[in-house]
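# Remarks on the overall topology
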Amino acid sequence: MIDRCYLEITNVCNLDCIFCPKTKRQKRLMSPDEFEAITDRIQGQVRFLYFHLMGEPMLHPHLDDFIRSARDKGFIPVLTTNGTLISKGLKNLPHKIQISLHSHEGNQTGNSLSDYLRCIMTFAVDAAAHGTIVVLRLWNQGGYDRQNDEILNILSDFVPSESWIQRYDGWKLADHLYLEYDQMFEWPDEAHALTGEDEVFCYALRNQIGILADGTVVPCCLDHDGSIPLGNIFSQTLDGILSGQMARQLYDGFSRHTAVAPLCQRCDYAAVTKRFRKK
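Residues numbered from 1 in each chain as written. Predicted model: local features only at pLDDT ≥ 70, side-chain atom pairs only at ≥ 80, totals over all residues. Heavy atoms only, no water.

### A word on helix α1 (residues 32-42)
Listed as buried for α1 are E34, F35, I38, T39 and I42. For α1, the buried positions fall inside an angular range of 125° around the axis, keeping them on one side. Those residues of α1 that are buried are in contact with β1 (2-7), β2 (46-51), α2 (63-72), β9 (208-211) and α6 (238-242). Taken from the residues just after α1, G44 is the one with a positive phi, measuring 85°. (Buried < 20%, exposed > 50% of the residue type's maximum accessible area, 1.4 Å probe, protein only. Helix = DSSP H or I, 4+ residues; strand = E, 2+ residues; numbered from the N terminus. Arc of directions from axis to C-beta. Contact = heavy atoms within 4.5 Å.)

Next up, the structure:
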């Protein structure tokens, strides 16, 4: 079973973050019928369903229905958002919500940081009280991180910092509510230089896949432009796609600690965060 599938219900976003690679693909919102067809095809083969790849999922008018449907089909739904539309709320809360607080400085919109965070924290405290895991992300270490101290001060207005519990990756602010730090990384792109890594290992196709808004299956959540299309879930089964020639070459290559695809050969994610490196 695949642990997580990153399902791109839309590749449209309401922000223009400087660290985001964007996508040259046609802008698209997945229809309810398409969502049901995809989830029917991968039901029982995927554990966590992440509403994330490119785009802002809270722009989708059927997000609430998608979360409910995913849960009804046995998936564990997870939402990743920039948080700017959080005030509209959700009738159906997912298992987990990841909110990228670093998008405020990275977007450089001039909007009030205080107003942005207060909307997020009003939602986050309530969602956490209802049992949803809420992770506030500051994935900007070594990059766009000048607002971080101010962010911490504002968060402490909602949950006093004296009660925070330090963790290896940040803080537990309260039950089900976390602040998570990570290094800023550069998204892989085939136009970039090779990383020069001698050994590469990735969990793509082992515990994760991505499905783009048009149904294209890709190896992981960092293939923002569909550079490694493995097949299309609308016309193929997931088993058929994962047993295809390209998928097998990628999988076997990582088993040998080798990146086969040009995009993977230019992926700094493992080098920066050490997440996928084999020790």
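### Things to note about the nonpolar core
If you look at the biggest cluster of nonpolar residues, it comprises 79 residues, and the most contacted ones within it are F35, I42, L49, F51, L101, L136 and L177. In terms of residue count, the dominant contributor to this core is helix α4 (residues 113-129) (9 residues). (Core = buried A, V, L, I, M, F, W, Y, C linked by side-chain atoms within 4.5 Å.)

### Concerning the sheet that holds strand β6 (residues 165-167)
Read across the sheet, 11 strands follow the order β6-β7-β8-β5-β4-β3-β2-β1-β9-β10-β11 without closing on themselves; strand pairing throughout is mixed. Only two strands of the sheet have a single neighbouring strand rather than two, namely β6 and β11 (231-232). Across 3 bridges, the pairing between β6 and strand β7 (residues 170-174) is antiparallel. If you follow Q166 over to β7, its bridge partner there is W171. Seen against the sheet, α1 touches β1, β2 and β9 and runs at an angle of roughly 155° to β2. (Pairing = 2+ DSSP bridges. Axes fitted to C-alpha atoms, helices over the stretch in contact; angles between N-to-C directions.)

### Here we look at the pattern of salt bridges
Tallied over the entire structure, the rule returns 15 salt bridges. For the salt bridge of K24 with D225, the shortest nitrogen-to-oxygen distance reads 2.9 Å. Taken together, the positions of K24 in the loop between β1 and α1 and D225 in the loop between β10 (216-218) and β11 put the pair 201 residues apart, joining distant regions of the chain. With relative accessibility at 73%, the residue K24 sits in the exposed group. Here D157 makes a salt bridge to R118, at a shortest N to O gap of 3.2 Å. Placement of D157 in helix α5 (residues 148-158) and of R118 in helix α4 is noted, with a sequence separation of 39 residues between them. What emerges from the salt-bridge pattern is a single network uniting D3, R4 and R47. (Salt bridge = Lys/Arg side-chain N within 4 Å of Asp/Glu carboxyl O.)

### Some details on the side chain of N148
Within the fold, N148 resides in helix α5. Assessed through its relative accessible area of 8%, N148 is described here as buried. Those residues in contact with N148 that sit more than four places away from it in its chain are L138, N140 and Q141.

### Remarks on the pairing of β2
Most of β2 is tucked away: 5 of the 6 residues are buried. Strand direction decides the pairing type here: β1 and β2, joined by 5 bridges, are parallel. Counted as the bridge partner of L7 is F51 from β2. One crossover worth recording links β1 to the parallel β2 by way of α1, and it is right-handed. Relative to strand β3 (residues 76-81), β2 is paired through 4 bridges, and the arrangement is parallel. Residue L49 lies in a different strand from β3, and its bridge partner there is P77. At this point the chain moves from β2, through α2, to the parallel β3, and the crossover so formed is right-handed. (Right-handed = clockwise from strand over helix to strand, strands pointing away.)

### Focus on the packing of aromatic side chains
Under the criterion given, the structure shown has 6 aromatic pairs. Summarising the aromatic geometry, the rings of F35 and F66 are spaced 4.0 Å apart at their centres and angled 5° between planes, so their arrangement reads as stacked. Placement of the pair is F35 in helix α1 and F66 in helix α2, with a sequence separation of 31 residues. The two residues F35 and F66 agree in class, both being buried. Taken together, the ring pairs connect Y6, F48 and Y50 into an aromatic cluster. A cation over a ring is seen here: R137 above W139, with NZ or CZ 3.9 Å from the ring centre. Stacked on the ring of Y251, the Lys or Arg R206 has its end atom at 3.9 Å from the ring centre. (Phe/Tyr/Trp six-rings, centres within 6.5 Å; stacked < 30°, edge-to-face > 60°. Lys NZ or Arg CZ within 6 Å of the ring centre and 35° of its normal.)

### Re the environment of Q45
Locating Q45 in the fold gives a position in the loop between α1 and β2. Judged by relative accessible area, Q45 falls into the partly exposed class, the value being 21%. Separated by 57 residues in sequence, Q45 and H102 place their C-alpha atoms 33 Å apart. Residues in contact with Q45, not counting those within four places in the same chain, are M1, I2, L238 and D239.

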